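What follows is the residue order along each chain.
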Amino acid sequence: MNEQTRIPVILDGDPGHDDAIAWTLAKASGRMDILAVTSVAGNQTIQKTTYNAQRICTLLGIDAPIAQGRPRPLIEPPMNAPSVHGESGLDGPPLPEPAMGLSELSACELMAKTLRESLTPVTIISTGPLTNTAALLLAHPELKEKIARISLMGGGIAYGNWTPAAEFNILVDPEAAKIVFRSGVPILMAGLDVTEQALILPEDFRRIAAIGNPVADIVAQWLEFFYIFHKNLGYDGAPMHDPCAVMALLHPEVFTMKPLYVQIETAGKYCRGATVGDLLGVTGHAPNATCILSVDRKRFADLLVDAMRFYGEGQK
Ligand code: BDR
Ligand code: CA
């Protein structure tokens, strides 16, 4: 992808601290045209993630239409992560109340309208369970060609985080993930293999806080909140899961990637929600996903810190 190419995107997520930071990065890049924002149930209930999406868009000045997603995964009951993101789904610093209403369309229909109306194919950046994206593919298969790629945070080739085999976003809605990975749409997968390496350290939060604009202040506090949970698990910093799905589009050069055939386990006693990557090519299937496997952590951190200057500099 050319450095200067503009990237039309739909932001689909369950904000969430790292979703919020991913969206902050998308807006700050100045290279992404944010055409729509859609919420999905995941880190918290759909009501809470939708409210958070509205508050984040208000904070960042994202003026795209926002639509609420489905209240639950395709088949299983909802599953949330208050231990990681708090009762609100985005605990920490106070945020502005929403300055905008919600679209009358569902997330799936807003995505469809956005694709239909776009002159060029659109990238869906999915940082939560894949429920909305799967619903879109089921309801509007004719629009597949209008999707440039799905850049998603989910899964892990080597391991999971909510079970030994499964990562949270895929575990919440494995049936949706299966539909997405079988769709034939190009997939860029930021799984735990890379996102656990994309650590933002306390010294990086301090660099962000020192920038001195209101968004950078809030991002530094989100990072601090996210870090406290992870520190108790032995991490040295806050893993930037969802920002990897944005950064990989903007700066692919800081990552290593490998095309793989990835299957989603929807049954299984121990492995439901696993993303099973064919590392040795034993299935004979062509790759269906470009899997991001590692990152230059220092360059990633520097890019994230620098991006926060977009919101103003030197106000402290
Ligand atoms: C994923 O789960 C959520 O808690 C985060 O927002 C991220 O999308 C990491 O497993
Ligand atoms: Ca998320």
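Please refer to the structure higher up on the page.
Throughout this document, residue positions are counted from 1 along each chain, in the order its sequence is written. The lettering of chains begins at A and the numbering of ligands begins at 1, in the order of writing. The predicted nature of this model means local features are confined to residues of pLDDT at least 70 and side-chain atom pairs, given and counted, to a pLDDT of 80 or more, with totals for whole chains, interfaces and linings taken over all residues. With hydrogens and water set aside, each side-chain value is computed from the structure's full complement of heavy atoms.

A. Spatial organisation of the overall build of the chain. For helices the rule is a DSSP run of H or I covering at least 4 residues; for strands it is a run of E covering at least 2, with both sets numbered from the N terminus onward. Looking only at helices and strands, one finds 12 helices and 12 strands in the chain. Taken over the C-alpha trace, the chain has a radius of gyration of 18 Å; the compact-globule value for 316 residues is 20 Å, and the two agree within 12%. Its C-alpha atoms give the chain principal-axis dimensions of roughly 55 × 45 × 40 Å. We call two residues contacting when some pair of their heavy atoms lies within 4.5 Å. Long-range pairs, those at least 24 residues apart, make up 83% of the contacts in the chain between residues at least 6 apart in sequence. In this treatment the radius of gyration is a C-alpha quantity, and the globule benchmark scales as 2.2 Å times the residue count to the 0.38 power.

B. Geometry of the packing of aromatic side chains. Aromatic pairs are defined between Phe, Tyr and Trp rings, using the six-membered ring for Trp, whenever the two ring centres lie within 6.5 Å; interplanar angles under 30 degrees are classed as stacked, those over 60 as edge-to-face, and all others as tilted. Scanning all chains against the criterion turns up four aromatic pairs. The interplanar angle of 70° and the centroid separation of 5.6 Å between the aromatic rings of F205 and Y227 together place this pair among those described as edge-to-face. Separated by 22 residues along the polypeptide, F205 in helix α9 (residues 202–211) and Y227 in helix α10 (residues 214–231) bring together distant segments of the chain. Buried residues are those whose accessible area, probed at 1.4 Å on protein chains only, stays under 20% of the maximum for their type, while exposed residues exceed 50% and partly exposed ones sit between those limits. With relative accessibility at 4%, the residue F205 sits in the buried group.

C. A look at the sheet that holds strand β12 (residues 289–295). Spatially, the eight strands line up as an open sheet ordered β3-β2-β1-β4-β5-β6-β12-β9, and their pairing is mixed. In this open sheet, the two edge strands, each paired with only one partner strand, are β3 (66–67) and β9 (255–260). Strands are labelled as partners when DSSP assigns at least two bridges between them. Here four bridges tie strand β5 (residues 147–153) to strand β6 (residues 187–190), and the two strands are oriented parallel to one another. Bridge pairing in β6 places S151 opposite L188.

D. Spatial organisation of the layout of surface pockets. Think of a 1 Å grid over just the protein atoms. A cavity is a set of points where a 1.4 Å probe fits yet cannot get out, a pocket is an open set with protein on both sides within 12 Å along at least five of seven lines, and lining residues have an atom within 4 Å of a point. Grid points are joined across faces, edges and corners, and a volume is the space filled by probe spheres set on the points. Within this model, the largest pocket holds a volume of roughly 310 Å³. Contributing to the lining of the largest pocket are 23 residues, with V84, N161, W162, H230 and H241 lying nearest its centre. Of the residues in the lining of the largest pocket, the class split is nine nonpolar, eight polar and six charged. Under the scheme applied, nonpolar residues are Ala, Val, Leu, Ile, Met, Phe, Trp, Tyr, Cys and Pro; charged residues are Asp, Glu, Lys and Arg; polar residues are all the others, including Gly.

E. Quick look at the pattern of salt bridges. When a carboxyl oxygen of Asp or Glu is within 4 Å of a side-chain nitrogen of Lys or Arg, the pair counts as a salt bridge. Summed over all chains, the structure comprises 11 salt bridges. The partner of D204 in a salt bridge is R297, and the shortest N-O contact between them spans 3.2 Å. Within this pair, whereas D204 is found in helix α9, its partner R297 is found in helix α12 (residues 297–307), the two being separated by 93 residues in sequence. D204 sits in the buried class, given a relative accessible area of 2%. Residue E313 pairs with R309 through a salt bridge whose shortest N-O separation is 3.2 Å. Three or more residues are tied together by salt bridges with common partners; here these are D204, R207, R297, K298 and D302.

F. Structural detail: the coordination of the calcium ion (ligand 2). Atoms are scored as donors when they are N, O or S and lie within 2.8 Å of the metal, with 3.2 Å used for Na, K and Ca; no water is included, so coordination may look incomplete. Around the calcium ion (ligand 2), the protein supplies D14 (OD), D19 (OD), D19 (OD), T127 (O) and D242 (OD) as donor atoms, at distances of 2.2 to 2.6 Å. Motif for the calcium ion (ligand 2), donor spacing along one chain: D-x4-D-x107-T-x114-D. Placement of D14 in the loop between β1 (7–13) and α1 (17–29) and of T127 in the loop between β4 (122–126) and α5 (131–139) is noted, with a sequence separation of 113 residues between them. The pair formed by D14 and T127 is uniform in burial state, with each residue classed as buried.

G. How the structure looks around the side chain of N132. Examined against the element boundaries, N132 turns out to sit in helix α5. Beyond its immediate chain neighbours, meaning those up to four positions away, N132 contacts D12, T38, S39, V40, G69, R70, A107 and M111.

H. Structural view of the environment of L143. With respect to the element layout, L143 can be found in the loop between α5 and β5. Not counting the four nearest positions on each side in its chain, L143 is found in contact with A112, L115 and R116.

I. Layout of the pairing of β1. Counting buried positions along β1 gives seven out of seven residues, so the element sits mostly inside the fold. Alternating positions in β1 separate into two faces, I7, V9, L11 and G13 on one and P8, I10 and D12 on the other, with burial throughout. Inspection of the sheet shows β1 paired to strand β2 (residues 32–39) by seven bridges, in the parallel sense. If you follow P8 over to β2, its bridge partner there is D33. Note that β1 and β4 share four bridges and pair parallel. Its bridge partner lying in β4, L11 is registered against I125.

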